[in-house]
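Structural description and commentary
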Amino acid sequence: MSSHRSLRIAEAIREVVASAVLFDVSDPRIQAVTVLRVEVGHDLRNATVYVSVMGTEAERNLAMKGLRHATGFLQSRVAARLQIRFAPILAFKLDDAVKKSVEIGRLIDEAVAADKQPRGAAARLAVDDDDLDEDDEDEDDDLDEPPGSSARANL
């Protein structure tokens, strides 16, 4: 279970890193990066920063390389802000939660569209069933006629 102190430190790290990525890091590789959350180790010496990067797979990989390259700069910013004995060592991980939520949203939209489609098809089937009922009535009329007088008997 996380202590109140570690939660406060994690939130402070998230704020510092997000602000630095947005305003201070001048590496052109680091674009469209969002800091989602930070998890701090129990001894407060390690911190895992979860980020989301919008773009293609190549752009994601490039942004992660840029973040790893800027780790020392970001750690110095965190150390200046936290003013604790040991500044945590930052590790960056790509979080696919946003990507997964977009994919789930797309699947839901497809399911809703597919759900609407069978209703229209069911209405068409109901109309076709009415046509079949009329044909059944014609067949019933054929049964009332004497053999040889129907059109089928002539074929």
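All of the points below concern the structure found in this document. Predicted model, so just to flag it, every value in this text is computed and none were measured.

Description of the overall build of the protein chain
- Within the protein chain, the secondary structure is distributed over 5 helices and 3 strands.
- Along the protein chain, from the amino end to the carboxyl end, the secondary structure elements read α-β-β-α-α-β-α-α.
- The 155 residues of the protein chain split such that 25% are buried.
- Partitioning the intrachain contacts of the protein chain with sequence separation of at least 6 by distance along the chain shows that 62% fall at a separation of at least 24.
- Carbon and sulfur atoms make up 53% of the accessible area of the protein chain, which totals about 11000 Å².

Concerning the sheet that holds strand E1 (residues 33-40)
- If you walk across this open sheet you meet the 3 strands as E1-E2-E3, and the pairing is mixed. Unpaired on one side and paired on the other, E1 and strand E3 (89-94) mark the two borders of the sheet. Taken over all neighbouring pairs, the strand axes of this sheet differ in orientation by 30 degrees on average, direction set aside.
- Relative to E3, strand E2 (residues 46-53) runs parallel, the two sharing 6 bridges. Considered in E3, the bridge of valine 49 is made with phenylalanine 92.
- Those strands touched by helix H1 (residues 4-24) are E1, E2 and E3, and its axis lies near 155 degrees from that of E1.

Digging into the pattern of salt bridges
- Evaluated as defined, the whole model comprises 8 salt bridges.
- The salt bridge partner of aspartate 95 is arginine 37, with a shortest N-O separation of 2.6 Å. With aspartate 95 in the loop between E3 and helix H4 (97-144) and arginine 37 in strand E1, this pair connects stretches of sequence that are 58 residues apart.
- Taking the relative accessible area as the measure of exposure, aspartate 95 reaches 14% and is therefore buried.
- Note that glutamate 103 is salt-bridged to arginine 106, the shortest N-O span being 2.3 Å. Taken together, the residues span about one helical turn, with glutamate 103 and arginine 106 both in helix H4 at a distance of 3 residues.

Notes on the environment of leucine 74
- Considering the arrangement of structural elements, one finds leucine 74 in helix H3 (residues 71-82).
- Not counting residues up to four positions away in its chain, the partners in contact with leucine 74 are Val17, Ala20, Val21, Val25, Leu67, Leu90 and Phe92.

Some thoughts on the nonpolar core
- With 28 residues, the main nonpolar core has Ile13, Val17, Leu67, Leu74, Leu90 and Phe92 as its most contacted residues.
- Among the secondary structure elements, those contributing two or more residues to this core are H1, E1, E2, helix H2 (57-69), H3 and E3.
- Take this core: its biggest share by element is 8 residues, from H1.
- Leucine 67 has contacts with Val21, Ile30, Val33, Val51, Leu74 and Phe92, leaving out every residue within four places of it along the chain.

Quick notes on unusual backbone geometry
- Within the chain, leucine 44 stands out as a residue other than glycine whose phi angle is a positive 65 degrees.
- Here leucine 44 lies in the loop between E1 and E2.
- For leucine 44, a relative accessible area of 13% puts it in the buried group.

Definitions and cut-offs
Residues numbered from 1 in each chain as written. Predicted model: local features only at pLDDT ≥ 70, side-chain atom pairs only at ≥ 80, totals over all residues. Heavy atoms only, no water. Helix = DSSP H or I, 4+ residues; strand = E, 2+ residues; numbered from the N terminus. Buried < 20%, exposed > 50% of the residue type's maximum accessible area, 1.4 Å probe, protein only. Contact = heavy atoms within 4.5 Å. Areas by Shrake-Rupley, 256 points an atom, 1.4 Å probe, with all protein chains shown as cover. Pairing = 2+ DSSP bridges. Axes fitted to C-alpha atoms, helices over the stretch in contact; angles between N-to-C directions. Salt bridge = Lys/Arg side-chain N within 4 Å of Asp/Glu carboxyl O. Core = buried A, V, L, I, M, F, W, Y, C linked by side-chain atoms within 4.5 Å.

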